[in-house]
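So the chains spell out like this:
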Amino acid sequence: MLDAEFSRSKFIEDGDPQQRCQALSATLTKRLNDATNSHQALEWIIADLRGAGHEVTLWGSILSEAWTEPNHDQYLWIVLDSNADDRAVDEDAPGDIRWTSASVSFRPRLRDLPKRCPQCFSALTECDIRLRIQGHGSAVAPALRVQFESPGFRPLDTLIGAESLNIRRGGFCCGSCGSAWFPPLG
């Protein structure tokens, strides 16, 4: 269990939380090094951080923070590392790298940084997806059923006849691997 000095409220109250970050880094590093299974130790660390009021939702995928609208102005940024020289293997999880150190900073969420692709981590650029279905223009001709489903869009199931349908939605596209991401619908 973490000391009360590492609670979220203590980080917020502290005008310069650098020393608190260094102390938490040392505590987490010691816990990782003392553990026989670093991945299990990580689960306990996450539980303790949540218990101390920190929002730990996605560990090891910190870039995911950029995908969600932040609830608070500042948060813990934790980077885990392994010893690159000996790449200690966790006995209970063969083939997995054993985490040997943790580095902690308490900083504001950086909203203006370029978003990164979750597939290849290349910079994403803003892009639009457009769906345009031209109506046939006849008041007496039968309508055409249109169904469209895609992540980031409300499902569409409608009839198109005399009028046309235009949908346009902004998102982010990766020029390297071709993936696209659209913010969640509000």
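The structure we're discussing is the one just above.
We now turn to the structure provided with this report. Treat the numbers as computed from the prediction; the structure is a model and nothing was measured.

Now for helix α3 (residues 38-51). Along an α-helix, residues three or four positions apart point the same way, because every turn accommodates 3.6 residues. For α3, spanning 14 residues, the distance from its first C-alpha to its last is 20 Å, which sits close to the expected 20 Å at 1.5 Å a residue. Buried-residue contacts for α3 involve α2 (18-34) and β1 (74-81). Capping of α3 at its N-terminal end is provided by N37; its side-chain oxygen lies 3.1 Å from the backbone amide nitrogen of Q40. With its phi angle positive at about 95°, G53 sits one or two positions after the end of α3.

On the basis of which strands lie adjacent, the open sheet formed by three strands has the order β3-β6-β7 and antiparallel pairing. Both outer strands of the open sheet, β3 (124-133) and β7 (180-181), are each paired with one neighbouring strand and no more.

For the rest of this paragraph, the subject is the nonpolar core. In terms of nonpolar packing, the biggest core is built from 20 residues, with L24, L28, L49, L76 and I78 touching the most fellow members. Elements represented by at least two residues in this core include exactly α2, α3, β1 and β2 (101-108). Per-element tally for this core: the top contributor is α3, with five residues.

Okay, the state of the cysteines next. The final tally for this structure, using the stated rule, is one disulfide. Between C127 and C173 runs a disulfide, and the two sulfur atoms are separated by 1.9 Å. Its S-S torsion of approximately 70° makes the covalent link between C127 and C173 right-handed. With C127 in strand β3 and C173 in strand β6 (residues 165-174), this pair connects stretches of sequence that are 46 residues apart. C127 sits in the buried class, given a relative accessible area of 17%.

A separate point is the packing of aromatic side chains. Under the criterion given, the structure shown has one aromatic pair. Between F11 and F106, the aromatic rings sit 5.1 Å apart at their centres with planes inclined by 35°, giving tilted as the arrangement. Of the two residues, F11 sits in helix α1 (residues 8-13) while F106 sits in strand β2, which places them 95 residues apart along the sequence. Exposure remark for F11: the relative accessible area of 1% places this residue in the buried category.

Let us look at the environment of G53. Take G53: it is sitting in the loop between α3 and β1. For the pair G53 and F6, spaced 47 residues apart in sequence, the C-alpha to C-alpha distance is 9.3 Å.

With that settled, consider the pattern of salt bridges. Tallied over the entire structure, the rule returns six salt bridges. In this structure, the salt-bridge partner of R168 is D128, at a minimum N-O distance of 2.6 Å. In this pair, R168 sits in strand β6 while D128 sits in strand β3, placing the two residues 40 residues apart along the sequence. Notably, a salt bridge pairs R145 with D157, separated by 2.5 Å at the nearest N-O pair. Of the two residues, R145 sits in strand β4 (residues 144-148) while D157 sits in strand β5 (residues 156-160), which places them twelve residues apart along the sequence. Take D157: its relative accessible area is 47%, and that puts it in the partly exposed class.

Definitions and cut-offs
Residues numbered from 1 in each chain as written. Predicted model: local features only at pLDDT ≥ 70, side-chain atom pairs only at ≥ 80, totals over all residues. Heavy atoms only, no water. Helix = DSSP H or I, 4+ residues; strand = E, 2+ residues; numbered from the N terminus. Expected span 1.5 Å × (residues − 1). Contact = heavy atoms within 4.5 Å. Polar contact = N/O pair within 3.5 Å; in protein donor to acceptor, adjacent residues only side chain to side chain. Pairing = 2+ DSSP bridges. Core = buried A, V, L, I, M, F, W, Y, C linked by side-chain atoms within 4.5 Å. Buried < 20%, exposed > 50% of the residue type's maximum accessible area, 1.4 Å probe, protein only. Disulfide = S-S within 2.5 Å. Phe/Tyr/Trp six-rings, centres within 6.5 Å; stacked < 30°, edge-to-face > 60°. Salt bridge = Lys/Arg side-chain N within 4 Å of Asp/Glu carboxyl O.

As far as function goes, none of this settles anything; it's purely spatial.
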